[in-house]
Each structure stands twice: as C-alpha cells, then as structure tokens.
Amino acid sequence: MNKYLLYGLGIICLSMSISIVIIYSNLLVYGLSFKEFLIAIFKTWEFYLLPLGIYFIIKDRF
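Computed from a predicted model, the values in this text were never measured in an experiment.

(A) Looking closely at the packing of helix α1 (residues 2-29) against helix α2 (residues 34-43). Two numbers describe how α1 lies on α2: the axes approach to 10 Å, and their chain directions differ by 155°. The angle between the axes of α1 and α2 places the two elements in the roughly antiparallel class. Handedness of the α1/α2 crossing: right-handed. Contacts from I20, V21, Y24, S25 and L28 in α1 reach F34, F37, A40 and I41 in α2. Of the residues that constitute the contact of α1 with α2, the class distribution is eight nonpolar, one polar and no charged.

(B) Here's a closer look at the environment of E36. In this fold, E36 is placed in helix α2. You can call E36 partly exposed: its relative accessible area is 43%.

(C) Structural context of the packing of α1 against helix α3 (residues 49-58). Viewed as axis vectors pointing N to C, α1 and α3 meet at an angle of 150°, and their least axial separation amounts to 7 Å. With respect to α3, the element α1 is oriented roughly antiparallel. Crossing of α1 over α3 shows left-handed handedness. Touching L6, Y7, L9, G10, I11, C13, L14, M16, S17 and I18 of α1 are L49, L50, L52, G53, I54, F56 and I57, all from α3. Of the residues assigned to the contact of α1 with α3, the class counts are 14 nonpolar, three polar and no charged.

(D) Representation of the packing of aromatic side chains. Under the defined criterion, the tally for this structure stands at five aromatic pairs. Relative to F37, the ring of F34 has its centre 5.8 Å away and its plane inclined at 35°; by these criteria the two rings are tilted. Taken together, the residues F34 and F37, both in helix α2 and three residues apart, mark about one turn of the helix. Ring centres 5.3 Å apart and planes at 80° place the aromatic pair F42 and F47 in the edge-to-face group. On the accessibility criterion, F47 (18% relative accessible area) is buried.

What counts as what
Residues numbered from 1 in each chain as written. Predicted model: local features only at pLDDT ≥ 70, side-chain atom pairs only at ≥ 80, totals over all residues. Heavy atoms only, no water. Axes fitted to C-alpha atoms, helices over the stretch in contact; angles between N-to-C directions. Helix = DSSP H or I, 4+ residues; strand = E, 2+ residues; numbered from the N terminus. Parallel < 35°, antiparallel > 145°, perpendicular 65-115°, else oblique. Left-handed = near helix turned anticlockwise from the far one by under 90°. Contact = heavy atoms within 4.5 Å. Nonpolar A, V, L, I, M, F, W, Y, C, P; charged D, E, K, R; others polar. Buried < 20%, exposed > 50% of the residue type's maximum accessible area, 1.4 Å probe, protein only. Phe/Tyr/Trp six-rings, centres within 6.5 Å; stacked < 30°, edge-to-face > 60°.

Here it is, written out as structure tokens:
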C-alpha cells in the first residue's frame, strides 16, 4: 500500500512541476528571454517538486 501511495504522490508532484514548465515555456514564444525564463521558473515552488516526484517514483525500483 505504501508503495502505491508514494507512486501516486510522485505522479502528482511530477504533473504539477511539468505543467509549470510548460506554462512558462509558452512565455518564451512571447518574447521572454531565456534568463528571465529561468528566473521565473526558479521562483515558483511547484518547480521544486520535480526532483521529489522523480524520487518518489523510482524509490522502490532500486
């Protein structure tokens, strides 16, 4: 049960962080520079869920 709970939590964390990256990558099309893009990404707390989500998903595989 704990394995499935961590797997689900990992999927939720990954989906939140990937959606933020996709939303902010659309701003690159509208003239945002790459430096401003990186600053905007690192300011959002959802981006920091990416490594946590990856950890939760691959934790029980190794």
